[in-house]
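# Reading the structure
Listed below are the residues making up each chain.
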Amino acid sequence: MAKATIQNKKRMMGILGFFAVFILYLVCHMFYWQLIKGSELSEAAYNQQTKNRTISPKRGIIYDRNGTVLAESVTVETISVTPKNIKSGDKAKVAAGLSEILGLDYETILAKTKKNTADETIAKKLDKEITDKVRKWISDEKIKGVNIYEDTKRYYPNGSLLSQVLGFCGTDNQGLEGIEMQYENVLKGVAGQLVIGTDASGKELPLNDEKYIPPEDGLNLVLTIDEMIQYITEKYLDQAVADNAPVDYASCVVMDPKTGDILAMATSPDYDPNEPFKPTSEELISKWDTMTSAEKTTALQNLWRNRTITDAFEPGSVFKTISAAIALEEGVTNDIDKVLFNCAGFLNIEGWKMRCWRYYNPHGSQSLRKALMNSCNPAFMGIALGLGKTTYYNYLNALGVAKKTGIDLPGEVNGVIHKINAVTDSTLASAAFGQGFTLTQLNMLNVICAFGNGGNIMKPRIVKEIKDKSGNIVQENPPVVVKQVFSSDTASKVLEMMKSVVSDGTGRNGKVDGYYVAGKTSTAEQGRGEGKTYTASFVALAPADDPKVAIMLSVANPRGKQGHSGGTVAAPVVANILSEVLEYLEVPKNYETKDAIKKVSVPDVTNRTVGEAIRMLNDAGLKYDVDTTDLNAIVTAQMPIAGESLNEKSLVKLYLKGNDTRFNTTVPDVSNLDIVTATKKLSDQHLNIKISGSGRSILQDPPAGTSVEQGSIVRVEFRPVGIDVE
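Residues numbered from 1 in each chain as written. Predicted model: local features only at pLDDT ≥ 70, side-chain atom pairs only at ≥ 80, totals over all residues. Heavy atoms only, no water.

## A closer look at the overall build of the protein chain
Inclusion rule: Elements are defined by DSSP. Helices are runs of H or I of four residues or more, strands are runs of E of two residues or more, and each kind is numbered from the N terminus. Exposed residues in this analysis have more than 50% of their type's maximum accessible area, buried residues have under 20%, and partly exposed residues fall in between, with area computed by a 1.4 Å probe over protein chains only. Contact between two residues is taken to exist if any of their heavy atoms lie within 4.5 Å; hydrogens are not considered. Values of accessible area rely on a 1.4 Å probe in the Shrake-Rupley scheme; residue burial ignores everything except the protein chains shown.
Helix and strand counts for the protein chain come out as 23 helices and 33 strands. Residues classed as buried in the protein chain amount to 50% of the 726 residues present. Of the contacts made within the protein chain by residues no fewer than 6 positions apart, 70% connect residues no fewer than 24 positions apart. When the accessible surface of the protein chain is summed, it comes to about 34400 Å², and 51% of that surface belongs to carbon and sulfur atoms.

Below you can see the structure in the form of structure tokens.
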């Protein structure tokens, strides 16, 4: 009996031990899953029972300095499907319907409806006109599982204007180029979320509480760019490319020399950031379909490049202004009109005959002013050699020639200069007239701006301030003085010499009626030997006595009938830009031109009666031509269009509702005529003239013999007879 009792106790102890171990296992298991794995499981359960939808924030707006919108986000919509909410028998119907409305591949959509996922995107960035058709189809066919979400896309209201500076955005609204990329973290904002409950199969639960986390919109940028100055710059830059074709490209920067503000920055050809992967030039379009993928990528990247900062080049003779300033600073002379130099057409340096550009007719005895006016190479070679390489290159380093300017734009490159121990007499002599080293166009202009700012070099500024959506300033970027390299006296004397370059030197094609312009020409070699090309440039500050605007325009490898010199290719274009920009900025004129032709802006007379239109045109000082005597008839179109700048007494052709017949005329040949004769010859054909320069006509656009609409504008460029340009 005792033995049985002991056995029972052992059995009981075994059972109790088993349960104890089992309970300990359960406790440990619960501890593991609840405390160690608890948060992970909770998150998994939450994810299984909910579905998140990202709510895109509105990307910040980019404004010009006057508050004009340059880039903004507009509302679009995205269409997706929730496969588990679509019945098996309806999947083909859904795919067919969406395929037809959206113009997408049926099989691709059908495959997405069969996936085991919570959400499948079908199409993004759709206009409401398209999505409203989908809404109607959903309602009419009682479709389930098709979703329409609000989204945004980037929109550039001015198309290609300022494209290489602004850049563009990708499909997910991320900045890929330009300001859009540089200020991505400022512009993009913070995405929001919409959390929706779902059942075990992933279907949305009706009447379930939704959790909405609103997005935070991006901040807004205010640029230093002036939209009107940008428009004027691009208009004439594109014309320069056309007039000097073929060219590699042309680029231009316009600055305020006293603040470092970038007022305009352009490269031609350009692109439309609304469609950045679409070719724009006729040449590129014509061969696009025959190009490989790699060739297309390279071609597009070339269009996207802001060459004013991404391409370093040898500046050529514009750099003689710097050599002249160094000569004054170092006391080579204090009198810019004292005769110091004698040009024999060349200098022999280290066995090289380094020639003046006018070697065939040497400049002879010259002062520093005359040397700059004549753009004489031997004079400036002599200055650099006399100062020595250490002194001269100390100035180049102080000016930051080989450094980036630090502008808030992506892709800026360094310049390249020789290390001091590698500088020979020939490289020093070459540097004196802007050859043998490189820098960007922006850097070159920024240094020259110092002459219009008392010798102070500014940091180029492209973003003026950052604002929130209520207009409050979050960050202000004030003008920054980098350093003063030249004295105010030196700066003033260089401006005076540059003024003479335009009035009587190689830059005479850069004259602007009513204003004194300080300028310098350049015809710079790029490369050597068989691959050598030329870059034609002109730099100017105006008005010369108190500059409000600084500009540098370059045309790379011009191969047209005007040749490749800066005086003939670039200077007239800069004159055209300055003429309109100074007028737009309401800068007072230095003098009144004798018998000056008054410029007037064409008013918009469309959608007005003929009587009203006639009064408006008379008030503006313009003539009109209309095929009716009914003063109550409605004007539906006009030529030229509103906003064009014309000479006083020019003709505006009016077209009427119900009588819109257009009349063409043939452009006459006005070559080698003076302004008065050319104007009359065009007027006789019911055509208007836009005058550039003075003297006799050397170029007209459209060319003689072209059939154009009456009232059209013919651009005619005039040039003084016998002008000597570099």
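## Considerations on the confidence of the model for the protein chain
What counts here: What pLDDT expresses is the predictor's confidence in each residue, scored from 0 to 100.
Averaged over all residues, the pLDDT of the protein chain equals 88, while 90% of them reach at least 70. Within the model, pLDDT remains below 50 along residues 44–50, and this stretch shows ten contacts once partners closer than five positions in the same chain are excluded.

## Let's talk about the environment of Ile-336
For Ile-336, the position within the fold is in the loop between helix 13 (320–329) and strand 12 (339–343). Taking the C-alpha atoms as reference points, Ile-336 and Lys-493, 157 residues apart in sequence, are found 7.5 Å from one another. Once you skip the residues sitting within four places of it in the chain, Ile-336 turns out to touch Leu-328, Ser-367, Leu-368, Arg-369, Lys-493, Glu-496 and Met-497.

## Section: the sheet that holds strand 22 (residues 533–542)
This is how the line gets drawn: Pairing between strands requires that DSSP locate at least two bridges from one strand to the other. Axes, fitted as lines to C-alpha atoms, cover a helix only where it is in contact. Angles between the N-to-C directions of the axes lie from 0 to 180 degrees.
Here five strands make up an open sheet; going across it, the order is 10-9-23-22-21 and the pairing antiparallel. Every interior strand has two partners, whereas the edge strands, strand 10 (262–268) and strand 21 (518–526), have only one. Averaged over neighbouring strand pairs, the angle between their axes works out to 10° when direction is ignored. Taken together, the eight bridges between strand 22 and strand 23 (residues 549–556) define a ladder with antiparallel strand orientation. Bridge pairing in strand 23 links Leu-541 to Ala-550.

## Concerning the nonpolar core
Stated precisely, the cut-off is as follows: For this analysis, a nonpolar core means a set of buried residues of the types Ala, Val, Leu, Ile, Met, Phe, Trp, Tyr and Cys, connected via side-chain atoms within 4.5 Å.
Within the largest apolar cluster, 93 residues are counted, with the highest numbers of intra-cluster contacts made by Ile-179, Leu-223, Ile-322, Tyr-392 and Phe-451. Residues within four places of Ile-322 in sequence aside, it is in contact with Leu-399, Met-444, Val-447, Ile-448, Phe-451 and Phe-486. By size, the runner-up hydrophobic cluster in this structure holds 36 residues, among which are Ile-229, Leu-237, Val-241 and Tyr-515.

## As for the pattern of salt bridges
Going by this rule: Salt bridge, as used here: a side-chain nitrogen of Lys or Arg that lies within 4 Å of a carboxyl oxygen of Asp or Glu.
For the structure on display, the rule yields 35 salt bridges. One salt bridge in this structure joins Lys-124 and Asp-172, with 2.9 Å as the shortest N-O distance. One end of the pair, Lys-124, is in strand 4 (residues 120–126); the other, Asp-172, is in the loop between helix 6 (163–166) and helix 7 (178–182), with 48 residues separating them in the sequence. According to the relative accessible area criterion, Lys-124 is partly exposed, its value standing at 40%. Judged by relative accessible area, Asp-172 falls into the exposed class, the value being 52%. Two residues, Glu-709 and Arg-662, come together in a salt bridge whose shortest N-O distance is 3.0 Å. With Glu-709 in strand 32 (residues 707–709) and Arg-662 in the loop between strand 28 (651–656) and strand 29 (664–666), this pair connects stretches of sequence that are 47 residues apart. Owing to a relative accessible area of 16%, Glu-709 belongs among the buried residues under this scheme. The partly exposed category is assigned to Arg-662, whose relative accessible area is 37%.

## Here we look at helix 22 (residues 610–620)
Within helix 22, the full set of buried residues consists of Val-610, Gly-611, Ala-613, Ile-614, Leu-617 and Ala-620. Those residues of helix 22 hidden inside the fold are in contact with strand 24 (599–601), strand 25 (623–625), strand 26 (635–639) and strand 28. Taken from the residues just after helix 22, Gly-621 is the one with a positive phi, measuring 85°.

## Concerning the sheet that holds strand 33 (residues 713–719)
Strands sit in the order 30-33-31 across an open sheet of three strands; the sheet is mixed. The two strands at the open ends of the sheet, each matched to only one other strand, are strand 30 (688–693) and strand 31 (696–701). Each neighbouring strand pair of the sheet contributes to a mean axis angle of 30°, computed without reference to strand direction. Sheet topology places strand 31 next to strand 33; five bridges connect them, and they run antiparallel. Along strand 33, the bridge assignment pairs Asp-701 with Arg-715.

## Side note on the packing of aromatic side chains
The line we're drawing: Each Phe, Tyr or Trp ring (for Trp, its six-membered ring) is paired with any other whose centre lies within 6.5 Å, and the angle between the two planes then decides the class: stacked below 30 degrees, edge-to-face above 60, tilted in between. The criterion is that NZ of a Lys, or CZ of an Arg, lies within 6 Å of the ring centre and within 35 degrees of the ring normal, and then a charge sits over that ring.
The tally for this structure, following the rule as stated, stands at eleven aromatic pairs. When the centroid spacing of 6.2 Å and the interplanar angle of 10° are considered together, the rings of Tyr-395 and Phe-486 count as stacked. Of this pair, Tyr-395 sits in helix 16 (residues 389–398) while Phe-486 is found in the loop between strand 20 (481–484) and helix 19 (488–504), placing the two residues 91 residues apart along the sequence. Both residues of the pair, Tyr-395 and Phe-486, count as buried. Geometrically, the ring pair formed by Phe-451 and Phe-486 is stacked, given 5.7 Å between the ring centres and 25° between the ring planes. Of this pair, Phe-451 sits in the loop between helix 18 (441–448) and strand 17 (456–458) while Phe-486 sits in the loop between strand 20 and helix 19, and the two are 35 residues apart along the sequence. Here Phe-486 falls in the buried class, since its relative accessible area comes to 1%. Grouping aromatic residues by their ring pairs yields a cluster made of Phe-168, Tyr-271, Phe-277 and Trp-304. When the ring centre of Phe-346 is taken as reference, the NZ or CZ atom of Lys-353 above it lies at 4.5 Å. The side chain of Lys-499 reaches across the aromatic face of Tyr-516, ending 5.0 Å from its centre.

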